[in-house]
Amino acid sequence: PAAMGAGFGAGLGLALASSAFIGGSFVLKKKGLLRLCGRARAGQGGHAYLREWLWWAGLLCMGVGEAANFAAYAFAPATLVTPLGALSVLVSAVLSSIFLNEQLNVHGKIGCILSILGSTVMVIHAPQEEEVSSLESMAEKLKDPGFIVFAVCVLVSSLLLIFVAGPRYGQSNVLVYVLVCSAIGSLSVSCVKGLGIALKELFSGKPVLKEPLGWVLLVCLVICISIQINYLNKALDIFSTSVVTPIYYVLFTTAVMTCSAILFKEWQHMVLDNIIGSISGFLTIVSGIFLLHAFRDMPLTPSLLPLFLQPRRAEPHLPWSSADRHQSCQHQPLLPSEDKGSQSAEEEEEE
């Protein structure tokens, strides 16, 4: 039991460290992009950010965070490690408000919380992936017609987003470039899974280097990561970090879970409560994205609050009858001018 407790603590610490590094990496990358000072920015297709040390520091932090997240799975269960990845959204939002002066209103904060809660619910109720222990079994999975159709749909939709939607809506809609990163990211995670299996076989003494599948997966992983970095930098350069980070996390997590479900046939053994939990989590994520994206520029002023929550005006000695009459006047419908005149005449006659 002591060894199990130590392993659980190590996994928890690695997961928390991973969230901190990944959340800070977004802020460092954004800070490096802001220091370009008129040079070709990533939003216009430039790559001057490669000369900024802050951007490289952000990339290094992301690499350390991903490595810590991978190592955490060796000590703690996936139901603990994966939901803790949502903490990177909170870390990024807090650091952005401190170092980038990006204000996050109440709607955005509620949207972040809802997105994190929905993602956590989906991960908790998600089924475990089917065990794949060799490159031969991985090759059989990759030949499945369902995964081939999914991969083709991802590639076609990504090309449409890059060459059709990007030039038209990339500068005004945050979902364009983030969808490209998320869709391509689902394929990169599958490549990482296959390369992990190849490394395990290599350390066990099998001749993995002679297998062409390992090299194909490595080339595909390099291409996918290059595309993700390029379009994530464009999204971070154009839009606020507090908006890009949670949306990217939610869409990337959803795409990875969908790809894993198709590739490893995870959804075939789901029970009813897991299905209900996944649907509820997805609807919660949609609600959070709507609040975060639709109301990100709307300040919450006292005039938007209900009347009973608004601060009272300076009328300390207002009689009860006058206060009641004043409150009732606020809720009276607007009358035409003729009706107002007749009503005032009737009041004078009654007096």
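Each remark here, short or long, concerns the structure printed above.
Rules and cut-offs
- Per chain, residues are indexed from 1 in the order of the written sequence.
- Local features are withheld for residues below a pLDDT of 70 in this predicted model, meaning they are given only at 70 or higher, and side-chain atom pairs are given and counted only at 80 or more; totals for whole chains, interfaces and linings count all residues.
- Hydrogens and water molecules were not included; the side-chain quantities draw on all heavy atoms of the structure.
- Helix numbering and strand numbering both begin at the N terminus, where a helix is a DSSP run of H or I of at least 4 residues and a strand a DSSP run of E of at least 2.
- Throughout this description, buried means an accessible area under 20% of the type-specific maximum (1.4 Å probe, protein chains only), exposed means over 50%, and partly exposed covers the range between.
- Counting of polar contacts relies on pairs of N or O atoms within 3.5 Å, with two restrictions inside protein: one atom must be capable of donating a hydrogen and the other of accepting it, and residues adjacent in sequence are counted only when both atoms are side-chain atoms.
- Exposure above 30% relative accessible area and the lack of any salt bridge qualify a residue for a patch; like charges then connect within 9 Å, and the nonpolar side chains Val, Leu, Ile, Met, Phe, Trp and Tyr within 5 Å.
- Each accessible area is a Shrake-Rupley result for a 1.4 Å probe, and residues are judged covered by the shown protein chains and nothing else.
- Each reported salt bridge corresponds to a side-chain nitrogen of Lys or Arg within 4 Å of a carboxyl oxygen of Asp or Glu.
- For helices, the fitted line uses only the C-alpha atoms of the stretch in contact; every axis is such a line through C-alpha atoms, and the angle between N-to-C directions lies from 0 to 180 degrees.
- By the definition adopted for this analysis, an angle is roughly parallel if under 35 degrees, roughly antiparallel if over 145, roughly perpendicular if from 65 to 115, and oblique otherwise.
- What makes a crossing left-handed is the near helix being turned counterclockwise from the far one by less than a right angle; a clockwise turn instead makes it right-handed.
- In what follows, residue pairs with any heavy atoms lying within 4.5 Å of each other are defined as contacts.
- Ten residue types, Ala, Val, Leu, Ile, Met, Phe, Trp, Tyr, Cys and Pro, are classed as nonpolar, four, Asp, Glu, Lys and Arg, as charged, and the remainder, Gly among them, as polar.
- Residues belong to one nonpolar core when they are buried, are Ala, Val, Leu, Ile, Met, Phe, Trp, Tyr or Cys, and are joined through side-chain atoms within 4.5 Å.
- Either an automatic procedure or a domain database provided the assignment from which the domain bounds are taken.
- Any two of the Phe, Tyr and Trp rings considered here, Trp counted by its six-membered ring, make a pair once their centres fall within 6.5 Å; the pair's planes then place it as stacked at under 30 degrees, edge-to-face at over 60, or tilted in between.

A. Just the side chain of Glu-201, in detail. If you trace the backbone, Glu-201 turns up in helix α8 (residues 175-203). You can call Glu-201 buried: its relative accessible area is 7%. A distance of 3.3 Å separates a polar atom in the side chain of Glu-201 from the backbone nitrogen of Leu-135.

B. A nonpolar patch on the surface, seen in detail. There is a patch of nonpolar side chains on the surface, built from Ile-148, Val-152, Val-156, Leu-159, Leu-160, Phe-163 and Val-164 and spanning about 650 Å² of accessible area. As for its placement among the helices and strands, Val-156 is situated in helix α7 (residues 145-169). Look at Val-156 and you get partly exposed, because its relative accessible area is 45%.

C. Just the environment of Tyr-231, in detail. Position of Tyr-231 relative to the elements: it lies in helix α9 (residues 212-238). Look at Tyr-231 and you get buried, because its relative accessible area is 10%. In the structure, Tyr-231 is positioned 69 residues away from Ile-162 in sequence and 9.1 Å away in space, judged by C-alpha atoms.

D. Focus on the packing of helix α6 (residues 135-142) against α8. Close contact between α6 and α8 brings their axes to 9 Å; oriented N to C, the two are set at 160°. It follows from the interaxial angle that α6 and α8 lie roughly antiparallel. The chirality of how α6 crosses α8 is left-handed. Mapping the contact onto sequence places Leu-135, Glu-136 and Met-138 in α6 and Ser-190, Gly-194, Ile-197, Ala-198 and Glu-201 in α8. Residues belonging to the contact of α6 with α8 are distributed by class as follows: four nonpolar, two polar and two charged.

E. Layout of the nonpolar core. By size, the foremost hydrophobic cluster in this structure holds 36 residues, and its most contacted members are Phe-26, Val-174, Val-178, Leu-187, Leu-232 and Val-244. For this core, the element with the most residues is α8, which contributes nine residues. Viewed by domain, this core spans two of them, domain 1 (1-39 + 48-129) and domain 2 (132-265), each represented by three or more residues. Excluding residues within four positions of it along the chain, Phe-26 makes contact with Met-62, Ser-92, Leu-232, Leu-236, Thr-241, Thr-245 and Tyr-248.

F. The arrangement of the packing of α8 against α9 in detail. Between α8 and α9, the least distance of the axes is 8 Å, while the angle of their chain directions is 155°. Compared by their axis directions, α8 and α9 come out roughly antiparallel. Considering the relative orientation of α8 and α9, their crossing is left-handed. In terms of residue class, the contact of α8 with α9 is made up of 19 nonpolar, five polar and one charged.

G. Up close: the packing of aromatic side chains. Per the counting criterion, the structure on display carries three aromatic pairs. Judged by centre distance (6.3 Å) and plane angle (65°), the rings of Phe-26 and Tyr-248 are edge-to-face. Separated by 222 residues along the polypeptide, Phe-26 in helix α1 (residues 2-34) and Tyr-248 in helix α10 (residues 241-264) bring together distant segments of the chain. On the basis of relative accessibility, which here comes to 4%, the residue Phe-26 falls in the buried class. Between Tyr-177 and Tyr-231, the aromatic rings sit 5.6 Å apart at their centres with planes inclined by 40°, giving tilted as the arrangement.

Purely geometric stuff here, so don't read any function into it on its own.
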